[in-house]
Amino acid sequence: MSASSAMPSRASRPGLLEQLMGRVRAEFRTDVYLIDPDDPVLGRGTCPVPGCDRASAENGLCSAHGRRWRERGRPEIAAFLTDPGPALNGRRDLGSCAVAGCRYGCSGYGLCKRHRTSFERSGEPDPKDWAARAAVLGPADPAQCQLPFCTLWTEHAKSAYCKSHTTRWVQLGRPQAEDYLAHCLRRGKAYLDFRNLPAQLRIELQYAVQCRRDQATITAPPPVVAWTIKLAKTAEVTSLLDLSPEQWQELSAGKHGMYQHFLLDAREAVEALIDGDGWEAEYVRDVWRLYRLPGLTLNAGKAANARVRLRFDRIAQPWLRALVKRWARWRLSTGLSVATVLGDVMGLTRLSTFLSEAAPEVNALASVDRAMLERYLAWLAAAPIGHGARDDAITAPGTFFQAIRQHGWDASLPSTAVFFPGDIPARQPRLSRHLAEHVMTQVEHPANLDRWTTPEGRLITIILIRCGLRASDACTLAFDCLIHDGQGAAYLRYTNHKMRREAAVPIDDELEADIRAQQSRIVARWPDQDHPCLFPALRHNPGGRHPMTYYSYRGMLNDWLRSCDVRDEHGQPARLTPHQWRHTFATRLINKDVPQEVIRVLLDHESSEMTAHYARLTDQTVRRRWEEATRVNIRGENVSIDPDGPLGQAQWAKTRYGMATQTLPNGYCGLPVQKACPHANACLTCPAFLTGPEFLPELREHRHRTLTLIDKAETDGHSRVAAMNKDVLTNLDRMIAGMGAERQTPVVGDDDHPTGAADAC
């Protein structure tokens, strides 16, 4: 049980009720809160059936129309909407007596109570024939039902309502007229009923609804809030603080997900009025509620409101727990991600377990020395944990001891309390996790990509395949993720959450167009709001401010793979993870002889193996010469790169890739890494072609041969061949002129007819 569960109830703390009264606005301080169907947090929209004003419930339909839809065998919603049936009760005139002119409510045989009695006494068999001849019975000036939407008559002078509405009024306990009218008007609509609750409990729940509404970070559908209100009633408490979070969880064991989350959020919202928020409130606890600490870098795979906790209550030694808490606070304050600190604390928790089980005599930091750590290493070697957990159990204490010395937190730590690089067991080399090309052929087939049910899932998949991003980085792309270099080439800018920095990767025109289409969809859906993310979460995301999580995409990916029936080499359903596309991306580049340093830049790795170090040295030499040279494209325009600019690394990786795999006799290919060349064997007419002064001899020779070919084509009457090569000649002239070559050295064959029959071939 956490520290909060051990605390006595503070519901009666002086000033709490006054704080609540001062914070809850008048619109929420009502016994019955009517919900606007279009409310982005509390509302769920209006039933799509024409003329129906009830709140949506199942598949977008209201509960009544949803019942009809199920009874019909769950047809397509569009087909159901064409024939939803008659208007619902409560939204149409009640049936009246079949006797012409009579407006009393029906009581049997389609007749009112008076006419039914007369009919039964008449002995006639057919009530319709009898009603056609009958006259109106009763007083000459009957009163009309007091509900404004009802046109029936009251049964007698003392009744305020017609027969059916009187029955409902009695069933409700004969409420006051205004209350009964309000009840009838909200029938079928979404509302929250705070009546019959203790005063403080009522305003606490109203405050919880107001907080959720103001935060606008996650939805709170009416059934969720109504369930919380009902549970609070049955718990027979006067305040949410009367029970601990664990006790509330026990009471709500049958409900999970957003139901339980809203209940616990409601309690914590009230508790925050007493304890406050931030480090001062959380640090003293043995279980930190990280979602209540602003400014933390949450794991990109977690929702922004996830109930992430950091547990120190499993560290048995008080002296160790105090230091670990101090260290964890410092680590979080430096900007480390929550996931990293969670792993650190887990590693130190294993050290605490070792001390409890195998070294109980160690009762202070001063007793932690190298000899004890060697015992700890032996204990870890026999522990049934994985390689990653064992590594964390060694590296976390090592970093922890280093921080203690660095900050002077405890001078009693012996100098021998250190780990060495050799203490971590070496791992076996990992096999490549790239996907086989026959699997990728199925994945990338246009027909299979079109099976995606959401454009977001399809685009994320394409980005992962073509750019090699981690899935969590792709899901959290910023809305304005497109940038361009001086040549107009597009790059995808993203946040590398693992390295905590921004990076960029070159993309082709097709992917750029797909991203712009996604941006347009977001603007169309939320036209009047800021757009922080390219892929907003598809559910429970008012305003589209929260990005899709890795887990949401992974679930959609699994559904898509099943629909595509992707098979492996054995004919079995292929199993793949999004991260395998990153390995496949790198493997494809390696197979194209792309230097390892270029791959490192494209994947935004921090470091690489020794072979990559030598590749980097070689690549730096080539890059330095390339940066110093004047570059021109086929139009004779200068093309330069800013090596120190924000796109320097990514731009160099794009160009170096082309130089490595598509180097030409007289230049380089500057096409984006992932794009197929549409100008096969026609590089001199390709807009992505680049060249420089080092290729002037080849350019002059090529110009000479081109003139020869044009002359022969014109002689032979091959006008099409001549025209095509004149384009090449024009581009050659521009490139040579762009490098100032014609002013320095005469070009062979400029004014003379070319010679050499062999060249004409």
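For the structure, check the block above.
Residues numbered from 1 in each chain as written. Predicted model: local features only at pLDDT ≥ 70, side-chain atom pairs only at ≥ 80, totals over all residues. Heavy atoms only, no water.

Looking now at the pairing of strand β6 (residues 490-496). In terms of residue burial, β6 counts as a mostly covered element, since five of its seven residues are buried. The pairing of strand β5 (residues 482-484) with β6 spans three bridges and is antiparallel. In the sheet register, L482 faces β6, and the bridge partner there is L492. Following β5, the chain reverses through five residues before pairing antiparallel with β6; G488 in that reversal takes a positive phi of roughly 85 degrees. Bridge analysis of β6 against strand β7 (residues 501-506) gives six bridges, and the strand direction is antiparallel. Residue pairing for β7: Y491 is matched across the bridge by P506. Counted along the chain from β6 to the antiparallel partner β7, the turn is four residues long, and its residue R500 has a positive phi close to 60 degrees. (Buried < 20%, exposed > 50% of the residue type's maximum accessible area, 1.4 Å probe, protein only. Helix = DSSP H or I, 4+ residues; strand = E, 2+ residues; numbered from the N terminus. Pairing = 2+ DSSP bridges.)

The subject of this paragraph is the state of the cysteines. Counted according to the given criterion, the structure contains zero disulfides. Unpaired in this structure, C106 has its nearest cysteine sulfur neighbour in C97, at a distance of 6.6 Å. Accessibility expressed as a relative area gives 31% for C106, which makes it partly exposed. Just so you know, C112 is unpaired, no disulfide at all, and the nearest cysteine sulfur is the one on C102, 3.8 Å from it. (Disulfide = S-S within 2.5 Å.)

In this section: unusual backbone geometry. One non-glycine residue with positive phi stands out, namely R174, at about 55 degrees. For R174, the location among the structural elements is in the loop between α7 (163-171) and α8 (177-185). Of the residues examined, R174 reaches a relative accessible area of 51% and is grouped as exposed. In this structure, N196 takes a positive phi of about 60 degrees despite not being glycine. Tracing the backbone shows N196 in the loop between β2 (191-193) and α9 (199-215). The class of N196 is exposed, set by a relative accessible area of 73%.

This next bit is on the packing of aromatic side chains. All told, the structure shown has 20 aromatic pairs when counted by the stated rule. Judged by centre distance (5.9 Å) and plane angle (65 degrees), the ring pair of F119 and W130 falls under edge-to-face. Taken together, the residues span a long stretch of sequence, with F119 in helix α5 (residues 113-122) and W130 in helix α6 (residues 127-133) at a distance of eleven residues. The same class applies to F119 and to W130, which are both buried. Their ring planes at 80 degrees and their centres at 5.6 Å tell us that Y550 and Y551 sit as a pair that is edge-to-face. Among the residues examined, Y550 registers a relative accessible area of 22% and is labelled partly exposed. In this structure Y551 comes out as exposed when scored by relative accessible area, which is 51%. (Phe/Tyr/Trp six-rings, centres within 6.5 Å; stacked < 30°, edge-to-face > 60°.)

Let us look at the nonpolar core. One broad trend across soluble globular proteins is that nonpolar side chains are buried collectively. Of all hydrophobic cores here, the largest spans 54 residues; its most connected members are I463, L469, L477, L492, I515, Y553 and W581. Top element by residues in this core is helix α20 (residues 455-467). It accounts for seven residues. In this view, Y553 contacts W452, G457, I460, T461, L464, C475, M548, P578 and W581; residues no more than four positions away in its chain are not counted. Formed by 41 residues, the second largest nonpolar core is a distinct cluster that contains V324, L351, Y376 and L377. (Core = buried A, V, L, I, M, F, W, Y, C linked by side-chain atoms within 4.5 Å. Contact = heavy atoms within 4.5 Å.)

What follows covers empty space enclosed by the protein. Rolling a probe over the atoms, with the probe sized like a water molecule, indicates the empty space that remains. Tallied over the entire structure, the rule returns one cavity of 30 Å³ or more. One number sums up the size of the largest cavity: a volume of about 50 Å³. As for the largest cavity, its lining consists of eleven residues, and the residues nearest its centre are R212, I218, T219, M258 and H261. If one sorts the elements of the lining of the largest cavity by residue count, helix α12 (residues 258-275) sits on top with four residues. A class-by-class count of the residues in the lining of the largest cavity yields six nonpolar, three polar and two charged. (1 Å grid on protein atoms, 1.4 Å probe; cavity = no way out; pocket = protein on both sides within 12 Å on 5 of 7 lines; lining within 4 Å. Points joined across faces, edges and corners; volume = space filled by probe spheres on them. Nonpolar A, V, L, I, M, F, W, Y, C, P; charged D, E, K, R; others polar.)

This part is about the sheet that holds β7. With antiparallel pairing, three strands are arranged side by side in an open sheet as β5-β6-β7. Only two strands of the sheet have a single partner each, and these edge strands are β5 and β7. Put simply, the sheet's adjacent strands are angled 40 degrees from each other on average, direction ignored. Contacting β5 and β6, helix α22 (residues 509-525) runs over the sheet at an angle of about 135 degrees to β5. (Axes fitted to C-alpha atoms, helices over the stretch in contact; angles between N-to-C directions.)

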